[in-house]
Amino acid sequence: MATIKLDNIHKSFGKTKVIHGVSIDVKEGEFIVIVGPSGCGKSTLLRMVAGLETVSEGEIRIDDRRVNEAEPMDRDIAMVFQNYALYPHMSVFDNMAYGLKIARLPRAEIEDRVATAAKMLQLEPYLARKPRELSGGQRQRVAMGRAIVRKPAAFLFDEPLSNLDAKLRVQMRLEIKALQKELGITSLYVTHDQIEAMTLADRMIVMNAGRADQIGAPLEVYANPQTAFVAGFIGSPATNFLPGADLGVQAQSLAVRPEHMELAAPGKGRIDATLTFAEALGAETLLHFRLASGDVVTTRQDGTAPVPAPGSTAGLNWSEDHQILFDGNGMRLPAG
Amino acid sequence: MEKRVTFKGWLLPLILLTPQIIVSAVFFFYPAGQAVWQSLFIPDPFGLRSQFVGLGNFEYLLGDPYYRASFVTTAIFSILVTVVSMGMALWLALLADRLIKGSGVYRTLLIWPYAVAPAVAGVLWLFMFNTRVGVVSWYLGLLGYDWNHVLNGSEAMGLVVVASSWGRISYNFLFFLAGLQAIPRSVIEAAAIDGAHFWTRFRTIVFPLLSPTTFFLLVVNVVYAFFETFGVIHTITGGGPQQSTTILVYKVFSDGFVGQDLGSSAAQSVILLFVVGILTVVQFKFIERRVHY
Ligand SMILES: Nc1ncnc2c1ncn2[C@@H]1O[C@H](COP(=O)(O)OP(=O)(O)OP(=O)(O)O)[C@@H](O)[C@H]1O
Ligand SMILES: [Mg+2]
């Protein structure tokens with residue numbers, strides 16, 4: 001268990017800057033999720049913590065020790081890769097035992113640790129198999145096991161679930177969360193899937209083009225996005241952005257979540273919109289509207305609520321408490 | 001799914017195969033058959049008639065200390081050429097694999113020696129090590145070492161090994177580099193995080209994952225050392241001094257064309273044919289099934 005401190009981290013590959021100053025204090029045992037769209041620098045940030053990329057500027061401290069210059073093996077971390085990175089020529093047992101053998105642990109201790117991890121991950125029947133004889137989910141578990149047996153100070157995960165099918169992903173997500181809580185090991189977890197981020201994180205870092213737009217607890221980030229990017233990225237279906245000028249507010253745009261939109265008779269709402277199509281998902285129905293300005297608005301209502309006919313016009317309403325204003329740079333404006 | 005082309009009749013496939021069959025027959029089966037036939041005779045001292053001796057040539061060869069010595073020479077030569085050319089190639093490939101910038105230039109330069117014909121390579125090395133005017137032997141002389149591969153058998157062997165390995169390094173380098181680059185980066189990184197330093201990673205991860213490539217090159221290089229180094233040996237040592245660089249293939253040439261003992265030479269060819277056969281079987285048995293892990 002350890003703390004991790006990132007202090008104004010920058011990274012350039014040659015002349016291209018990809019990370020522009022990220023800072024965070026990770027507490028002992030905390031589960032931090034780094035989330036953002038493809039190419040925003042999540043993996044690069046994680047790999048700098050692992051020691052697989054050099055830090056261009058800033059300082060990384062693990063357990064209050066500066067590790068910028070330390071080799072990966074001297075950082076007491078374990079990493080789970082997106083493609084699992086198992087050793088293809090070794091059995092599951094040897095894959096998990098590899099790091100322990102290098103650390104010259106006694107044979108009995110190695111067997112004991114691998115057995116415990118295998119039991120925890122339900123890998124006992126597969127210890128003698130090679131990685132190619134395992135399913136994707138089992139390989140994923142072996143990669144987890146390899147990280148667990150070393151009892152590292154921190155876990156680093158780089159999109160560990162993105163190669164699994166949807167159902168297995170939900171299951172493994174729950175298992176990872178349970179394991180992390182049980183072991184209490186500080187974790188950094190990279191994903192581009194905002195549902196993974198919402199469900200796993202104690203706190204999340206929402207990254208946008210090399211910057212940390214917002215750091216906070218998932219529900220806090222959901223309710224109070226600090227930038228238009230965060231408001232749009234977190235939440236599914238995405239937040240609606242309405243043009244501020246059409247609504248008479250001093251802002252570039254105004255964001256309202258689909259579940260906070262209500263339907264009213266035409267002319268009776270804050271703005272009128274035309275229904276383009278409705279998606280009935282059973283428990284809920286998503287209604288997609290088009291505004292006179294051309295913007296698209298989605299509302300979410302109970303599956304049993306009446307659905308207007310496509311092509312008809314309706315008024316849209318929402319409480320002022322639920323609207324968030326952004327300026328032309330996408331920064332949040334004070335309400336009012 | 002296997003894709004198969006099927007022909008309706010016999011004519012078209014026959015026409016398509018004919019050129020290959022003719023080439024094989026004229027340049028392979030006919031001379032091979034002739035060699036087998038000749039190996040059963042010995043010519044009289046004037047070369048006018050031959051006498052049938054059955055397996056006499058083979059019996060004589062296997063009892064001949066010179067022929068047996070040539071086997072040993074061939075074994076030493078092949079092992080040295082294989083080890084030197086593969087070892088150097090692997091070392092260079094490891095360096096090139098770590099290189100991010102300029103690896104293209106490095107690779108191109110390393111491929112060039114492969115384009116040099118063995119006989120020309122032999123002459124190049126011969127010039128450098130020439131006992132009177134060679135650059136290298138001159139420097140060795142300055143260091144107090146009297147280089148003379150014309151008289152010293154071990155030095156002659158060393159020189160033909162170096163000259164034969166040189167061009168071969170390029171070929172092996174390409175395969176090793178491709179093999180190294182096929183190993184996922186993340187596997188190496190995982191090993192680094194697991195605590196393995198460079199040499200541990202090489203020993204426990206890289207080398208085992210490279211084993212299909214290594215095995216393939218092993219067979220290919222042995223075949224090369226056995227059969228394709230004739231030009232180098234012919235230009236540098238001519239098999240000497242005192243037969244110390246006479247490998248089996250060279251002996252076929254020197255006994256047959258120089259010594260005019262066609263029966264013995266033919267018998268030697270037949271023995272070599274068996275060696276090739278065995279190597280081919282080994283190659284097919286192991287290399288066709290590439291997956292070793
Ligand atoms: N070795 C490198 N050399 C040059 N540029 C790189 C290198 N590695 C990454 N980049 C660039 O840095 C940026 C961030 O890459 P990174 O892999 O961190 O993105 P990511 O957020 O993990 O994306 P994804 O979700 O697709 O994995 C990208 O624009 C990428 O092109
Ligand atoms: Mg990534």
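Residues numbered from 1 in each chain as written. Chains lettered and ligands numbered in written order. Predicted model: local features only at pLDDT ≥ 70, side-chain atom pairs only at ≥ 80, totals over all residues. Heavy atoms only, no water.

1. Observations concerning the overall build of chain A
Within chain A, the secondary structure is distributed over eight helices and 19 strands. Principal axes of the C-alpha set define a box for chain A whose edges measure 80 × 45 × 30 Å. Scored against the burial criterion, the 336 residues of chain A give a buried share of 50%. Of all intrachain contacts in chain A linking residues separated by at least 6 positions in sequence, the fraction that spans at least 24 positions is 63%. A total accessible area of about 15000 Å² is found for chain A, and carbon and sulfur atoms account for 50% of it. Computed over 37 positive and 40 negative side-chain charges, the separation of the two mean positions in chain A equals 6 Å. (Helix = DSSP H or I, 4+ residues; strand = E, 2+ residues; numbered from the N terminus. Buried < 20%, exposed > 50% of the residue type's maximum accessible area, 1.4 Å probe, protein only. Contact = heavy atoms within 4.5 Å. Areas by Shrake-Rupley, 256 points an atom, 1.4 Å probe, with all protein chains shown as cover. Lys, Arg positive; Asp, Glu negative; His and termini not counted. Charge placed at Lys NZ, Arg CZ, Asp CG, Glu CD.)

2. Digging into the overall build of chain B
The helix and strand tally for chain B stands at 13 helices and two strands. Structurally, chain B occupies a C-alpha span of about 75 × 75 × 30 Å along its principal axes. A total of 293 residues make up chain B; the buried ones form 40% of that total. Considering only contacts in chain B between residues 6 or more positions apart, those separated by 24 or more positions represent 65%. A total of about 17500 Å² of accessible surface is found on chain B, and carbon and sulfur atoms cover 70% of it.

3. With respect to the interface of chain A and chain B
Each partner contributes residues to the interface: chain A has 22 residues there, and chain B has 18 residues. With both sides pooled, the region where chain A packs onto chain B buries about 1800 Å², and carbon together with sulfur makes up 66% of that total. Broken down residue by residue, the surface that chain A buries against chain B is led by Met73, His89 and Tyr98 of chain A, which jointly contribute 33%. At the surface where chain A touches chain B, the tally comes to two salt bridges. Among the salt bridges present, the one from Glu189 of chain B reaches Arg47 of chain A, with a minimum N-O distance of 2.7 Å. The interface formed by chain A and chain B contains nine residue pairs in polar contact (both at pLDDT 80 or more). Contributions of two or more residues to the side of chain A that touches chain B are made by helix H1 (42–50), strand E6 (77–80) and helix H2 (92–102) of chain A. Residues of the side of chain A that touches chain B, tallied by class, amount to 15 nonpolar, three polar and four charged. (Buried area = accessible area lost by both parts, 1.4 Å probe. Salt bridge = Lys/Arg side-chain N within 4 Å of Asp/Glu carboxyl O. Polar contact = N/O pair within 3.5 Å; in protein donor to acceptor, adjacent residues only side chain to side chain. Nonpolar A, V, L, I, M, F, W, Y, C, P; charged D, E, K, R; others polar.)

4. What about the site of ligand 1?
Residue and element names in this part refer to chain A. As a structural note, the neighbourhood of ligand 1 is formed by Phe13, Val18, Ser38, Gly39, Cys40, Gly41, Lys42, Ser43, Thr44 and Glu159. Taking Lys42, its side chain carries an N or O atom lying 2.8 Å from an oxygen atom of ligand 1. Residue Thr44 places a side-chain N or O atom 2.5 Å away from an oxygen atom belonging to ligand 1. Here the shell around ligand 1 takes three residues from H1, the largest share from any one element. (Near = heavy atom within 4 Å.)

5. Some points on the sheet that holds strand E7 (residues 154–158) of chain A
Residues and elements named next belong to chain A. Taken in spatial order, the six strands of this open sheet run E6-E7-E8-E3-E9-E10, and their pairing is mixed. Only two strands of the sheet have a single partner each, and these edge strands are E6 and strand E10 (211–216). Put simply, the sheet's adjacent strands are angled 15 degrees from each other on average, direction ignored. Pairing analysis gives four bridges linking strand E3 (residues 31–35) to strand E9 (residues 203–208), with the strands arranged parallel. Its bridge partner lying in E9, Val35 is registered against Val206. Sheet strands touched by helix H4 (residues 136–149): E6 and E7. Its angle to E6, the strand with the most contacts, is close to 175 degrees. (Pairing = 2+ DSSP bridges. Axes fitted to C-alpha atoms, helices over the stretch in contact; angles between N-to-C directions.)

6. Considerations on the packing of aromatic side chains
Applying the stated criterion across every chain yields a total of 24 aromatic pairs over all chains. Between Phe226 of chain B and Phe227 of chain B, the ring centres sit 5.6 Å apart and the planes meet at 50 degrees, which makes this aromatic pair tilted. Residue classification places Phe227 of chain B among the partly exposed residues on the basis of a relative accessible area of 23%. Clustering of aromatic rings is evident, with ring pairs tying together Phe31, Phe155, Phe157 and Tyr189 of chain A. Positioned above the aromatic ring of Tyr87 of chain A is the side chain of Arg146 of chain A, whose terminal nitrogen or guanidinium carbon lies 4.7 Å from the ring centre. One cation-aromatic arrangement involves Lys177 of chain A over Phe31 of chain A; the distance from NZ or CZ to the ring centre is 5.5 Å. (Phe/Tyr/Trp six-rings, centres within 6.5 Å; stacked < 30°, edge-to-face > 60°. Lys NZ or Arg CZ within 6 Å of the ring centre and 35° of its normal.)

7. Side note on helix H3 (residues 65–98) of chain B
Owing to its 3.6 residues per turn, the α-helix aligns residues three or four sequence positions apart on the same side. The terminal C-alpha atoms of H3 of chain B, which comprises 34 residues, lie 50 Å apart, in line with the 50 Å expected from a rise of 1.5 Å per residue. Here H3 of chain B starts with a cap whose side-chain oxygen sits 3.0 Å from the backbone nitrogen of Tyr66 of chain B, and that cap is Asp64 of chain B. (Expected span 1.5 Å × (residues − 1).)

8. Structural notes on the pattern of salt bridges
Overall, the coordinates contain 21 salt bridges over all chains when judged by the stated rule. Among the ionic contacts, a cluster of salt bridges with common partners joins Glu59, Arg61, Asp64, Arg66 and Glu69 of chain A.

9. Looking at the pairing of E7 of chain A
Residue and element names in this part refer to chain A. Within E7, five of the five residues are buried, which leaves the element mostly enclosed by the surrounding structure. Of the two faces of E7, the one carrying Ala154, Leu156 and Asp158 and the one carrying Phe155 and Phe157 are both buried. Where E7 lies against strand E8 (residues 186–191), five bridges are found, and the strand directions are parallel. Counterpart to Asp158 in the pairing with E8 is Val190. Taking the sense of rotation as the criterion, the β-α-β connection linking E7, helix H5 (residues 166–183) and E8 turns out right-handed. (Right-handed = clockwise from strand over helix to strand, strands pointing away.)

10. Notes on the pairing of strand E4 (residues 57–62) of chain A
Residue and element names in this part refer to chain A. Taken together, the five bridges between strand E1 (residues 4–13) and E4 define a ladder with antiparallel strand orientation. Paired with Asp7 across the bridge in E4 is Glu59. As defined by bridge partners, E4 adjoins strand E5 (residues 65–66) across two bridges and the pair is classed as antiparallel. Bridging from a neighbouring strand, Arg61 pairs with Arg66 of E5. Between E4 and E5, which pair antiparallel one after the other, the connecting turn spans two residues, and Asp63 there sits at a positive phi close to 50 degrees.

11. Focus: the sheet that holds strand E18 (residues 324–326) of chain A
All names here are of chain A. The sheet built from four strands is open, its strands ordered E11-E12-E18-E19 with antiparallel pairing. Each end of this open sheet is capped by a strand with a single partner; those strands are strand E11 (240–243) and strand E19 (332–333). Pairing geometry for E11 and strand E12 (residues 253–256), over four bridges, is antiparallel. In the sheet register, Asn240 faces E12, and the bridge partner there is Val256.

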